[in-house]
Amino acid sequence: MRLVDLAAQLGLTKGTVSRALNDHPDISDRTRMRVRKAAEKLGYRPLSHAQAIRTGRVRSLGLVLQVNEHDAHRPFVAEFLAGLSQAASAEDWTLTVATASSDTQTLELLDRLTAEKKADGFILPRTKLTDARIDFLRMRDVPFVLYGRTTDTRGCAWFDIESEKSIEDAVTLLAGLGHHRIGFVPGAEGYTYAKLRHDGYLTGLARSGLPHDPHLIAAPAMARVAGASAAATLLDLSDPPSAIVCSVDGAALGVYDAARHRGLKIGTDLSVISYDGIPETTLLDPPLSTYRVDTRAAGARLAELLIKRCRGAAPEDLRELGRAAFQSRGSHGVAPETS
């Protein structure tokens, strides 16, 4: 099946069919879909290298994962990749994935993948307040979409979850249950999500009419051991909190350990609410109340937005926010009469 044969079958010019297959903006969505369906039915597949020469695109989305991050091997990565690849495949695009062990190596890979035409644009997960990846791609006019937000929004498209709203809701929920001393375990410094969730904690306090006590904010923690240490500093205060909100579930696992070490029962003596929805939180006793993100759906939406960006859509038109779903379990309850 040749391009000229496909055009004849559709009653369209060869040029129109070619432009439809190559996602030219002057072709309507209806015509584009008609051509694609006919091409699939008749078995026509354009040569990828010839298509790249004509359009300057290889129809591939790029993703560089840093394996040195604290949660690099979490189950969410598989779901995230599944969402990305399925959405890319639906548009007849592919996904190019590389791994790096440092910030420097990430930039080197972005440079190489761009120079070697291995990807038309990139998804940037776990964004920072000041992010060298964004500066690098922005300077080279390479399309990208953030899974997160950043301080300098020039030229940035993104899909993000409003985790700050979840943390705010967690604080107001606990305050409504009679908790007046609510501790907070922040996320990793420098990351946008950590600042947003910290802001959400403060907003929740203000919304509930509770004073802000700096002593109730522990050191940042992303994993179990650090979470236990952070919780220990809060629980050993002369006036300890009756509830703790964590930025990430990994830290909440440590809060359970610290509470158990002090003879406190989670959900009765100490309430805990966290964010992420990792699978192991359902196995805790009691299961952890947390905000769960649909990472597969997030990956799919990021792929869709990046394809639009690669096709020429303005980044300012590609900014979307979603919400996490609260998993109400047994780790939170009414405040005890005495903390």
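Refer to the structure above for everything that follows.
Every value quoted in this text rests on a predicted model; they were computed, and no experiment measured them.

S.K.: Mind showing me how you'd approach the overall build of the protein here?
M.R.: When its secondary structure is counted, the protein shows 12 helices and 11 strands. Across its three principal axes, the protein shows a C-alpha extent of roughly 80 × 35 × 30 Å. The proportion of buried residues among the 339 residues of the protein is 49%. Taking the intrachain contacts of the protein between residues at least 6 apart in sequence as the baseline, contacts between residues at least 24 apart amount to 69%. Of the roughly 15,900 Å² of accessible surface on the protein, 52% is carried by carbon and sulfur atoms.

S.K.: How do you make sense of the pattern of salt bridges when you look at a structure like this?
M.R.: Think of it this way: side chains of opposite charge can pair up when their charged atoms draw near. Summed over all chains, the structure comprises 25 salt bridges. Between Arg311 and Glu91 there is a salt bridge whose closest N-O contact spans 3.0 Å. Within this pair, whereas Arg311 is found in the loop between α12 (295–310) and β10 (319–322), its partner Glu91 is found in the loop between α5 (76–90) and β2 (94–100), the two being separated by 220 residues in sequence. With relative accessibility at 25%, the residue Glu91 sits in the partly exposed group. A salt bridge links Lys128 to Asp103, with the shortest nitrogen-to-oxygen separation between them at 3.1 Å. On the criterion of sequence distance, the pair formed by Lys128 in the loop between β3 (121–125) and α7 (132–139) and Asp103 in helix α6 (residues 103–115) is long-range, its members being 25 residues apart. One network of salt bridges, in which partners are shared, links Asp135, Arg138, Asp152 and Arg154.

S.K.: How should the side chain of Thr106 be read in this particular structure?
M.R.: Turning to its location among the elements, Thr106 is positioned in helix α6. Judged by relative accessible area, which is 2%, Thr106 ranks as buried. Those residues within four positions of Thr106 in sequence are excluded, and the remaining contacts are Val64, Gln66, Ala100 and Arg133.

S.K.: What exactly am I supposed to notice about the packing of aromatic side chains here?
M.R.: To describe a pair of aromatic rings, you give the distance between the ring centres and the angle between the ring planes. Counted under the stated rule, the structure contains 5 aromatic pairs. Geometrically, the ring pair formed by Tyr191 and Tyr193 is tilted, given 6.0 Å between the ring centres and 45 degrees between the ring planes. The two residues Tyr191 and Tyr193 agree in class, both being buried. Ring geometry for Tyr291 and Phe326: centres 4.7 Å apart, planes at 35 degrees, overall tilted. Placement of the pair is Tyr291 in strand β9 (residues 289–292) and Phe326 in strand β11 (residues 325–327), with a sequence separation of 35 residues. You can call Tyr291 buried: its relative accessible area is 6%. Residue classification places Phe326 among the partly exposed positions, given a relative accessible area of 29%. Taken together, Tyr275, Tyr291 and Phe326 form an aromatic cluster joined through their ring pairs. One cation-aromatic arrangement involves Arg140 over Phe136; the distance from NZ or CZ to the ring centre is 3.7 Å.

S.K.: Would you mind showing me how to read the sheet that holds β2 here?
M.R.: Strand pairing in a sheet takes place through backbone hydrogen bonds and is either antiparallel or parallel in direction. Spatial ordering of the open sheet is given by β2-β1-β3-β4-β5-β10, a layout of 6 strands whose pairing is parallel. In the strand order of this sheet, the two ends are held by β2 and β10, each with one partner. Averaged over all pairs of adjacent strands, the angle between strand axes in this sheet comes to 20 degrees, irrespective of strand direction. As paired elements, β3 and strand β4 (residues 144–147) share 4 bridges and run parallel to each other. Bridge pairing in β4 links Ile123 to Val145. Strand contacts of α7: β3 and β4, with the helix running at about 165 degrees to β3, the strand carrying the most contacts.

S.K.: What should I look at first to understand helix α8 (residues 163–176) in this one?
M.R.: Spacing of three or four residues puts side chains on the same side of an α-helix, whose turn is 3.6 residues. Taking 1.5 Å of rise per residue, the 14 residues of α8 would be expected to cover 20 Å, and the 20 Å separating its terminal C-alpha atoms lies within 8% of that figure. A large share of α8 lies buried, amounting to 10 of its 14 residues. Where α8 is concerned, the buried positions are Ser163, Glu164, Ser166, Ile167, Glu168, Ala170, Val171, Thr172, Leu174 and Ala175. Considering only its buried residues, α8 is in contact with β5 (157–161), β6 (182–185), α9 (192–208), β7 (243–246), β8 (271–276) and β9. Once α8 finishes, Gly178 follows within two positions and takes phi at roughly 95 degrees, a positive value.

S.K.: Looking at this structure, how should I read the side chain of Arg36?
M.R.: In this fold, Arg36 is placed in helix α3 (residues 29–42). In contact with Arg36, other than residues within four places in its own chain, are Asp23, Arg59, Glu91 and Arg311.

Cut-offs and rules
- Residues numbered from 1 in each chain as written.
- Predicted model: local features only at pLDDT ≥ 70, side-chain atom pairs only at ≥ 80, totals over all residues.
- Heavy atoms only, no water.
- Helix = DSSP H or I, 4+ residues; strand = E, 2+ residues; numbered from the N terminus.
- Buried < 20%, exposed > 50% of the residue type's maximum accessible area, 1.4 Å probe, protein only.
- Contact = heavy atoms within 4.5 Å.
- Areas by Shrake-Rupley, 256 points an atom, 1.4 Å probe, with all protein chains shown as cover.
- Salt bridge = Lys/Arg side-chain N within 4 Å of Asp/Glu carboxyl O.
- Phe/Tyr/Trp six-rings, centres within 6.5 Å; stacked < 30°, edge-to-face > 60°.
- Lys NZ or Arg CZ within 6 Å of the ring centre and 35° of its normal.
- Pairing = 2+ DSSP bridges.
- Axes fitted to C-alpha atoms, helices over the stretch in contact; angles between N-to-C directions.
- Expected span 1.5 Å × (residues − 1).

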